[in-house]
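Each chain, written out:
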Amino acid sequence: MYDLIHDISVRPEPFSRYTAKELWTRPFLSRQMLEFHLNQETDLASRRIEEIDNAVRWIDGQLDLLGKSLCDLGCGPGLYTQRFAALGAKVTGIDFSSYALDYARDHSDQSISYIHADYLADTLPSGFDVITLIYTDLCVLSPNQRVKLLGRMQEMLNPEGHIVIDVAGTGLLKSRQEVTFIEDRLMGGFWAAGHYVGIQKSFIYEEQRLALDRYIIVEASETWQIYNWFQHYTPQMIEAELLKAGFTVTSIVGDLTGAPLTADGDLIGVIACTM
Ligand SMILES: C[S@@+](CC[C@H](N)C(=O)[O-])C[C@H]1O[C@@H](n2cnc3c(N)ncnc32)[C@H](O)[C@@H]1O
């Protein structure tokens, strides 16, 4: 007991654990996440449909998707893939949640190819003109994982291919606080079907512009944890990171609907090209 409570009380080393797979693929959670993806009342897992439509329209205006070969990494239930395909792109969606992919397959055009894979670890297809990674998914990765993923994207792209990503801006970090909650059925039963106690410890690492929401879920049968790291970027930081990975930024905006970029905004949308 001492060891567990002590461990919970201590600030973890940045990116000391990666639990995204558990968050998205634990059976109860993947069902919850699908509901949140589709729920128009919340932006927890995906943005609302109107925003997705606006983003797809903006991306198409920038890259002219007709006839392009496009891969959506972390495609979830296919909210973007369906729309990219409707604009005439040849679309592949990749995700490690089979629950989300089943939904995507059931609700998509047959022409879309869905692949169940971990984009950090599994063999990935290549020959794409465009790769999308949408909903700040780069931000949950450690610096080493980001280098790895951006390198993999380079290998997946055709010459002069483009990536489309969005990342959290520093404005979002300002709205965060360090908190500790211990609650019966924390977040209204989000984490498990039956009885549990949820502990949330949130940390801010100012110097690294990093935040962590750590959740410890104590059920009668087991205790398990989720670490949600979240890297926040200035426009200069994301440009430098992409340049180091061999990309040239061609558009940098306030979000993927093309909103104007502000120095301290909540979001940054980026299109970058292989050099
Ligand atoms: C925040 S959701 C965004 C989904 C989609 N891009 C959207 O905006 O509707 C993140 C998605 O990425 C998937 N994912 C996260 N890490 C992954 C990884 N390493 N490999 C494959 N899929 C991953 C999750 O299963 C989840 O469906």
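All figures in this text were calculated on a predicted structure; none of them were measured in a lab.

Asker: What's the story with the overall build of the protein in this structure? I'm lost.
Answerer: Scanning the protein from N- to C-terminus turns up ten helices and eleven strands. For 275 residues, the compact-globule estimate of 2.2 N^0.38 gives 19 Å, and the C-alpha radius of gyration of the protein, at 19 Å, lies within 12% of that figure. Seen along its three principal axes, the alpha-carbon backbone of the protein occupies a region of about 60 × 40 × 35 Å. In the protein, which comprises 275 residues, the share counted as buried stands at 37%.

Asker: It is not clear to me how the site of the ligand should be interpreted in this structure. Could you clarify?
Answerer: Around the ligand, a shell composed of 20 residues is seen, among which Trp24, Ser46, Gly74, Gly76 and Tyr135 lie nearest. Elements supplying a minimum of two residues to the shell around the ligand: helix 2 (20–25) and strand 2 (90–95). Residue composition of the shell around the ligand, by class: twelve nonpolar, five polar and three charged.

Asker: Would you explain helix 4 (residues 49–63) in this entry?
Answerer: A turn of α-helix holds 3.6 residues, and therefore any two residues three or four places apart point the same way. Compared with an ideal rise of 1.5 Å per residue, which puts 15 residues at 21 Å, helix 4 spans 21 Å between its outermost C-alpha atoms and is within 8% of the ideal. When helix 4 is considered as a whole, its buried residues turn out to be Ala55, Val56, Trp58, Ile59 and Leu63. The buried residues of helix 4 occupy an angular sector of 165° when projected down its axis, which confines them to one face. The exposed set on the far side of helix 4, more than 90 degrees from its buried face, consists of Ile49, Glu50 and Gly61.

Asker: In this structure, what is going on with the nonpolar core? I would like to understand it.
Answerer: Considering soluble globular proteins, one finds that nonpolar side chains tend to be buried as a cluster. Among the nonpolar cores identified, the biggest contains 60 residues, and Leu70, Phe84, Ile131 and Val167 are the most heavily contacted of them. It is strand 5 (residues 157–169) that provides the largest number of residues to this core, a total of six residues. Those residues in contact with valine 167, other than ones at most four positions away along the chain, are Thr136, Leu138, Cys139, Tyr233, Ile238 and Ile268. Residues Leu186, Ala192, Tyr196 and Ile216 belong to the second largest nonpolar core, which totals seven residues.

Asker: Would you take a moment to explain helix 7 (residues 143–156) for this structure?
Answerer: If you check helix 7, its first and last C-alpha atoms are 20 Å apart, about what 14 residues at 1.5 Å a residue would give, namely 20 Å. Listed as buried for helix 7 are Arg146, Leu150, Met153 and Met156. Down the axis of helix 7, the sector holding all buried residues measures 115°, keeping them to one side. Exposed and oriented more than 90 degrees from the buried face of helix 7 are Asn144, Gly151 and Glu155. Buried positions along helix 7 lie against strand 1 (69–73), strand 4 (128–133), strand 5 and helix 10 (235–244).

Asker: Mind showing me how you'd approach the environment of leucine 101 here?
Answerer: Tracing the sequence through the fold places leucine 101 in helix 6 (residues 98–106). We classify leucine 101 as buried; it has 22 C-beta atoms within 10 Å. The sequence separation of leucine 101 and leucine 34 amounts to 67 residues, and the corresponding C-alpha distance is 9.9 Å. Setting aside anything within four residues of it in sequence, one finds leucine 101 in contact with Asp95, Tyr114 and His116.

Asker: What should I look at first to understand the environment of threonine 136 in this one?
Answerer: Inspection of the secondary structure assignment puts threonine 136 in the loop between strand 4 and helix 7. In this structure threonine 136 comes out as buried when scored by C-beta crowding, with 20 C-beta atoms within 10 Å. A C-alpha to C-alpha distance of 19 Å links threonine 136 and glutamine 62, two positions 74 residues apart in sequence.

Asker: Please explain unusual backbone geometry as it appears in this structure.
Answerer: Negative phi is the rule for most residues except glycine; trans is the rule for most peptide bonds. Backbone geometry at tyrosine 135 places phi at a positive 90°, although glycine is not the residue there. Its place among the elements puts tyrosine 135 in the loop between strand 4 and helix 7. Residue classification places tyrosine 135 among the buried positions, given that 22 C-beta atoms sit within 10 Å. The phi dihedral of arginine 185 falls on the positive side, at around 55°, and the residue is not glycine. Note on placement: arginine 185 falls in the loop between strand 6 (180–184) and helix 9 (186–189). For arginine 185, a count of 14 C-beta atoms within 10 Å puts it in the partly exposed group.

Asker: Sorry, what's going on with the packing of helix 3 (residues 27–38) against helix 6 here?
Answerer: Describing two packed helices takes the angle between their axes plus the distance from one axis to the other. Helix 6 packs onto helix 3 with a crossing angle of 45° between their chain directions and a minimal axis gap of 8 Å. Accordingly, the angle class assigned to the pair helix 3 and helix 6 is oblique. Here Ser30, Arg31, Leu34 and His37 of helix 3 come into contact with helix 6, specifically with Tyr99, Ala100 and Tyr103. Considered class by class, the residues forming the contact of helix 3 with helix 6 number four nonpolar, two polar and one charged.

Asker: Teacher, can you tell me more about the pairing of strand 8 (residues 210–219) here?
Answerer: On a regular strand, one side chain projects to one face of the sheet and the next to the other, so that they alternate. One ladder, built from ten bridges, connects strand 7 (residues 196–205) with strand 8; its direction is antiparallel. Its bridge partner lying in strand 8, isoleucine 199 is registered against isoleucine 216. Between strand 7 and strand 8, which pair antiparallel one after the other, the connecting turn spans four residues, and arginine 209 there sits at a positive phi close to 55°. Pairing geometry for strand 8 and strand 9 (residues 223–233), over nine bridges, is antiparallel. Along strand 9, the bridge assignment pairs isoleucine 216 with glutamine 225. The hairpin turn running from strand 8 into strand 9, its antiparallel successor, is three residues long.

Rules used throughout
Residues numbered from 1 in each chain as written. Predicted model: local features only at pLDDT ≥ 70, side-chain atom pairs only at ≥ 80, totals over all residues. Helix = DSSP H or I, 4+ residues; strand = E, 2+ residues; numbered from the N terminus. Rg over C-alpha atoms; globule rule 2.2 N^0.38 Å. Buried ≥ 20, exposed ≤ 12 C-beta atoms within 10 Å, placed from the backbone. Near = placed C-beta within 6 Å. Nonpolar A, V, L, I, M, F, W, Y, C, P; charged D, E, K, R; others polar. Expected span 1.5 Å × (residues − 1). Arc of directions from axis to C-beta. Core = buried A, V, L, I, M, F, W, Y, C linked by C-beta atoms within 7 Å. Contact = placed C-beta atoms within 7 Å. Axes fitted to C-alpha atoms, helices over the stretch in contact; angles between N-to-C directions. Parallel < 35°, antiparallel > 145°, perpendicular 65-115°, else oblique. Pairing = 2+ DSSP bridges.

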